[in-house]
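# Survey of secondary and tertiary structure
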Amino acid sequence: MANSLISVQIIPKTKTYEDVIPFVDAAIKIIDDAGVNYEVHPLETTMEGELSELLEIIKKMNEKMIELGSVNVITQVKMLYQPTGITLGTLTEKYRK
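As the structure is a computational prediction, the values presented were derived from the model and not from experiment.

## Let's talk about the pattern of salt bridges
- Per the counting criterion, the structure on display carries 5 salt bridges.
- Where E44 meets K78, a salt bridge forms, and the shortest distance between an N and an O atom there is 3.2 Å. Of this pair, E44 sits in the loop between β2 (37-40) and β3 (45-49) while K78 sits in strand β4 (residues 70-81), placing them 34 residues apart in sequence.
- We classify E44 as partly exposed; its relative accessible area is 23%.
- For K78, a relative accessible area of 52% corresponds to the exposed category.
- With its nearest N and O atoms 3.0 Å apart, the salt bridge here joins K64 to E67. Taken as a pair, K64 and E67 lie in helix α2 (residues 51-67) at a separation of 3 residues, close to a single helical turn.
- A relative accessible area of 26% places K64 in the partly exposed class.

## Observations regarding the sheet that holds β2
- With respect to topology, 4 strands assemble into an open sheet ordered β2-β3-β1-β4, the strand pairing being antiparallel. The sheet is open, and its two edges are formed by β2 and β4, each paired on a single side. Across the sheet, the mean angle from the axis of one strand to that of its neighbour is 20°, orientation sign disregarded.
- Where β2 meets β3, 4 bridges bridge the pair, whose relative direction is antiparallel. When the bridges of β3 are listed, Y38 appears paired with M47.
- On the sheet, helix α1 (residues 21-34) packs against β1 (4-14), β2, β3 and β4 and is oriented at approximately 150° with respect to β1.

## Remarks on a nonpolar patch on the surface
- Nonpolar side chains collect at one region of the surface, where L55, V77, M79 and Y81 lie side by side and expose about 380 Å² of accessible area between them.
- For the nonpolar patch, the element with the highest residue contribution is β4, accounting for 3 residues.
- One can find L55 in helix α2.
- L55 gets classed as partly exposed once you look at its relative accessible area, which sits at 40%.

Reading the values: rules and limits
- Along each chain, the written sequence defines residue order, and numbers are assigned to residues from 1.
- Per-residue local features of the predicted model are confined to residues with pLDDT of at least 70, and side-chain atom pairs are confined, for both listing and counting, to 80 or more; whole-chain, interface and lining totals are unaffected and use all residues.
- To get the side-chain values, take all heavy atoms of the structure and skip hydrogens and water.
- Salt bridge criterion: a side-chain nitrogen from Lys or Arg within 4 Å of a carboxyl oxygen from Asp or Glu.
- Helix and strand assignments follow DSSP, with helices taken as H or I runs no shorter than four residues and strands as E runs no shorter than two, numbered in order from the N terminus.
- Burial classes: relative accessible area under 20% of the type maximum marks a residue as buried, over 50% as exposed, and values in between as partly exposed (1.4 Å probe, protein chains only).
- In short, DSSP must find at least two bridges between two strands for them to pair.
- Every axis corresponds to a line fitted to the C-alpha atoms, with the helix fit spanning only the stretch in contact, and the corresponding angles, defined between N-to-C directions, vary from 0 to 180 degrees.
- Residue contacts are counted whenever heavy atoms from the two residues lie within 4.5 Å of one another.
- For patch building, the residue pool is restricted to those with more than 30% relative accessible area and no salt bridge; the joining distance is 9 Å between like charges and 5 Å between nonpolar side chains (Val, Leu, Ile, Met, Phe, Trp, Tyr).
- Method for areas: the Shrake-Rupley scheme with a 1.4 Å probe, in which residue coverage is limited to the protein chains shown.

Structural data, given as structure tokens:
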């Protein structure tokens, strides 16, 4: 079972202030390619998995932003680490219909 939930919001600064949505889409593709369970929300994406694996994904997301031409990247992270196990559904199941 996963031991961590990490919500991440990536904010790339582009050279010419172009639309950053393609950059964000590329970041989400890195999460998808990693094969972890995740949910995209309007202001952040939440991943479920092992802490070290999720942190590596965040590292790759930041590197991808620079590769795509970002001058720098702000990454906001919220993290829940629970060694006994945690899932996305654990925290939200009572709100789902």
